Amino acid sequence: GLRVFVITLLLALGAIAVFVAFSINLLEGSHATAPKLSDASAHVGNYVTFGSYEQDNNSSKGKEPIEWLVLDVQHGKALLISRCGLDIQPYNTELTDITWEKCTLRTWLNSTFLNAAFSASEQKRISAVTVSADKNPDHNTYSGKNTIDQVFLLSSPEVSEYFSSDKARQCK
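The present account deals with the structure reproduced in this document. (Residues numbered from 1 in each chain as written. Predicted model: local features only at pLDDT ≥ 70, side-chain atom pairs only at ≥ 80, totals over all residues. Heavy atoms only, no water.)

Concerning the nonpolar core
Most often, soluble globular proteins have nonpolar side chains that are buried together. Our working rule: In plain words, nonpolar cores are sets of buried Ala, Val, Leu, Ile, Met, Phe, Trp, Tyr and Cys residues tied together by side-chain atoms within 4.5 Å. The classification of residues rests on relative accessible area computed with a 1.4 Å probe and restricted to protein chains. Under 20% of the type maximum is buried, over 50% is exposed, and intermediate values are partly exposed. We count a stretch as a helix when DSSP gives it H or I for four or more residues in a row; a strand needs E for two or more, and each element gets its number in order from the N terminus. Residues count as neighbours in contact if any of their non-hydrogen atoms are within 4.5 Å of one another.
Of all hydrophobic cores here, the largest spans 25 residues; its most connected members are Tyr53, Trp68, Trp100, Leu105, Leu109, Phe113 and Phe118. Put simply, the parts of the chain that give this core at least two residues each are strand S3 (47-53), strand S4 (64-74), strand S5 (77-82), helix H1 (104-117) and strand S7 (129-131). No other element matches the six residues that H1 contributes to this core. Beyond its immediate chain neighbours, meaning those up to four positions away, tryptophan 100 contacts Tyr91, Leu105, Arg106, Leu109, Val131, Thr147, Asp149, Val151, Phe152 and Leu153. One finds Leu69, Leu79, Tyr162 and Phe163 within the second-largest nonpolar core, a separate group that totals six residues.

Have a look at this one:
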């Protein structure tokens with residue numbers, strides 16, 4: 001099935017601009033109070049709005065709706081990725097060898113960010129999935145253990161699958 005994804009671009013000082021992506025249930029089901037994305041709007045390449053997050057650095061105006069690009073649609077679920085970089089966070093707060101399983105970015109994404117960007121009813125529509133700890137094809141490092149997350153980093157092969165060039169995956 002589709003997984004919850006976050007695409008990252010490495011920036012100066014080891015910070016990461018976070019492009020959030022995830023799998024959302026399109027079917028109303030028991031979550032009818034959550035904003036609906038219809039099958040009509042959920043076509044690959046379309047933009048949809050879901051959740052809200054501070055994006056203009058003017059908190060007095062409140063959070064802005066998040067625009068998402070539909071990357072894939074399968075079995076009543078859409079894979080969405082944010083149109084813009086939503087935040088800048090370090091992969092880990094301490095400079096040390098660390099896997100996704102134990103890094104502070106994983107904790108931040110699946111708690112602080114998730115709670116700030118999505119209401120309780122919206123969170124119910126975001127699937128918790130097993131994130132495979134695949135070996136990095138470019139580096140011979142320990143990949144850690146599989147995790148279960150709602151939000152996570154996209155693997156190198158997954159980035160290549162959804163984005164054809166460096167320009168296609170640049171922050172806006």
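Concerning the packing of aromatic side chains
The following threshold applies: Two aromatic rings, drawn from Phe, Tyr or Trp (for Trp, its six-membered ring), form a pair once their centres lie within 6.5 Å of each other, and the interplanar angle then sorts them: stacked below 30 degrees, edge-to-face above 60, tilted otherwise. Only when the NZ of Lys or the CZ of Arg is both within 6 Å of the ring centre and within 35 degrees of the ring normal is a charge said to sit over the ring.
In total, this model carries six aromatic pairs according to the counting rule given. For the pair tryptophan 68 and phenylalanine 118, a centre-to-centre distance of 6.2 Å together with 25° between the ring planes defines the contact as stacked. Of this pair, tryptophan 68 sits in strand S4 while phenylalanine 118 sits in the loop between H1 and helix H2 (120-124), and the two are 50 residues apart along the sequence. Summarising the burial analysis for this pair, tryptophan 68 and phenylalanine 118 share the class buried. Counting every residue linked through ring pairs, the aromatic cluster contains Phe50, Tyr53, Trp68, Trp108, Phe113 and Phe118. The ring of tyrosine 47 is capped by arginine 83, whose NZ or CZ atom sits 3.9 Å from the centre of that ring.

Looking at the side chain of glutamate 122
To keep things clear, this is the line we draw: Charge assignment in this entry is limited to Lys and Arg as positive and Asp and Glu as negative, and neither His nor the chain termini are counted. Counted as salt bridges are all cases of a side-chain nitrogen of Lys or Arg within 4 Å of a carboxyl oxygen of Asp or Glu. Think of a polar contact as two N or O atoms within 3.5 Å of one another; within protein, one of them needs to be a possible hydrogen donor and the other a possible acceptor, and neighboring residues in sequence only count if both atoms come from side chains.
One can find glutamate 122 in helix H2. Here glutamate 122 is buried and forms no salt bridge, its nearest opposite-charge partner arginine 125 lying at an N-O distance of 7.1 Å. Looking at glutamate 122, its side chain comes within polar contact range of the main-chain nitrogen of serine 119, at 2.7 Å.

So, the environment of arginine 125
Looking at where arginine 125 falls in the secondary structure, it is placed in the loop between H2 and S7. Given a relative accessible area of 2%, arginine 125 falls into the buried group. When the C-alpha positions of arginine 125 and lysine 77 are compared, they lie 9.5 Å apart, and in sequence the two are 48 residues distant.

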